[in-house]
Amino acid sequence: MAVSSRDALAGRVRGMSKAQRAVLLELDRRGLRLPTRSEMVKRAKRRQTASGRDENGNFYDWRHYCPHEPTEKQAAFLALEGREALFGGAAGGGKSDALLMAALQYVHIPGYAAIIFRRTYADLSKPGALLERAHAWLDGTAAKWIDETKTFRFPSGATISFGYLDCEKDKLNHQGAEYQFVGFDELTQFPEKWYRYLFSRLRRLKGSKIPIRMRGATNPGGVGHNWVMGRFPILTEEADAGRKSVGERGRVFIPSKLEDNPHLDTEEYEESLAELDTVTRTQLRRGDWRISSGGTVFKREWFAGRFNPSDLPKLATLRQWDLAGTEPGPTNTDPDFTRGLKSAYDPGKKILYILDLKSARKTAGAVRDLVVATAWEDGKTCPVRVEQEGGSSGKYVVEDLVGALLGFDAKGVSVSGKGGKLLRARPASAQAEAGKILLPEGAAWVSEFIDEMEAFDGSENGGSHDDIVDTLSATVDFWATKRRHTAASW
Ligand SMILES: Nc1ncnc2c1ncn2[C@@H]1O[C@H](COP(=O)(O)OP(=O)(O)O)[C@@H](O)[C@H]1O
Ligand SMILES: [Mg+2]
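What comes next concerns the included structure. (Residues numbered from 1 in each chain as written. Chains lettered and ligands numbered in written order. Predicted model: local features only at pLDDT ≥ 70, side-chain atom pairs only at ≥ 80, totals over all residues.)

Most peptide bonds take the trans configuration, and most residues that are not glycine carry a negative phi. In this model, K150 sits at a positive phi of 50°, which is unusual for a non-glycine residue. Inspection of the secondary structure puts K150 in the loop between β3 (144-146) and β4 (151-153). Overall, the presence of 19 C-beta atoms within 10 Å leaves K150 in the partly exposed class. Not every positive phi belongs to a glycine, and R249 is a case in point at roughly 55°. (Helix = DSSP H or I, 4+ residues; strand = E, 2+ residues; numbered from the N terminus. Buried ≥ 20, exposed ≤ 12 C-beta atoms within 10 Å, placed from the backbone.)

The next point concerns the nonpolar core. Counting 80 residues, the largest nonpolar core has A103, V107, A114, F303 and I354 as its most contacted members. Top contributing element to this core by residue count: helix α5 (residues 95-104), with seven residues. Two domains each put at least three residues into this core: domain 1 (56-286) and domain 2 (300-483). Contacts of A103, omitting those with residues within four sequence positions, involve A114, I116, I160, F181 and G183. Among the nonpolar cores identified, the runner-up in size contains 11 residues, and W321, V367, V398 and L401 belong to it. (Core = buried A, V, L, I, M, F, W, Y, C linked by C-beta atoms within 7 Å. Domains from an automatic or database assignment. Contact = placed C-beta atoms within 7 Å.)

Once that is clear, we can look at the pairing of strand β11 (residues 316-322). A large share of β11 lies buried, amounting to five of its seven residues. Relative to strand β12 (residues 338-346), β11 is paired through seven bridges, and the arrangement is antiparallel. Paired with A316 across the bridge in β12 is Y345. Strand direction decides the pairing type here: β11 and strand β14 (residues 384-388), joined by three bridges, are parallel. (Pairing = 2+ DSSP bridges.)

Printed below as a string of structure tokens:
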């Protein structure tokens, strides 16, 4: 909010004490936002109640500590009691504000502990960021700031802490901690495994009805864009219509739109956009999760579906290899990868589950060892297929491997006569578009998998690697052939 005109100022100043008026005029002189009259009254009241209790002796609840009236969307976010929810979309929609409000929700209850994470300490503490906002809300109230632990302690004993997870070992700072609320601001900046780790720190307070809540607020884009999109019901009709959407395991997504926040200060908005790269920036103006950099054969959003590997029934599996035997070196800094894609097919649901991806850039001998070790790991019930290159060397490599895999259903499969890479990729592309190919939750290789799918342009020797695409094409071919041959029993 820009400086109000003299008239508006006069309107606010009327009926105020001399001291209040002086504060207002000073703020106005410095070009800062003028608090409304009700805000002024609230703040003045707060300072009088160092005990943090109302006239009945009850601890003040969060309303006392939050200077903002929630918008409709924010109120919907605050009303959620389920374990996981995400408030996501356009920058400036009031998401970070909502996260702070949500953390405050139970501060009148003794023992309540909340924490809010940003990815780095700098993200947390820079001007205008969460920590500064928390200070603006809470300084001068009965909540006390403890700098060493970056914690506000409330008169009830409840706490809200601020943390960052910049690298793997930062997790350890929270090893013994227990929270009823864990918030992630800019969730798409985090790897999924850190988010999942923090679940283990969520604990119900004994004898209390406080719900345990994992809450995210985020713009689209960022390293975690894909897993976040896969985890939450973002690409749904409800969300498209701007409404709350409920997905698997009760996970809730509330889409954030710019128009939801009438309090937005345009300067601040531009500032928050400036933090981002151009693609993301365009995504953000509309809060659109779908915009991706293209993808001519496979589109990123076709791989949004995830499954939990421990929920899978027993299904037939396959390990499909595409071999390469060169290490990166001075003459070839970016050689092809050896890839081994493990999958399971559910003939009833007609779903292909991608279970695992093994990758290596090693010499032929080391690759051979990897294939053999993986076969033992997968077990003898998992067939092994190896894409056989043309010529006698290709034949030799496969014969050698099959020999080493005595006791396994191991075979070379030649692609000759099956058309070029693009033609071979078409069936996989069709299955992916129909949402029939699912990736596992939480696997580290998933983003690499999707990136390669999206970058594949169908050319034989395109600029990008296509080894994963090849294994996927061969995998779909394997299951299609198997289905045709065993149709009666499927
Ligand atoms: N309910 C509200 N009342 C008043 N101001 C609000 C409210 N919600 C958000 N704001 C303000 O609007 C601006 C943008 O909100 P913010 O939470 O930072 O958006 P986002 O995190 O979605 O980018 C901030 O200055 C914030 O304090
Ligand atoms: Mg924000």
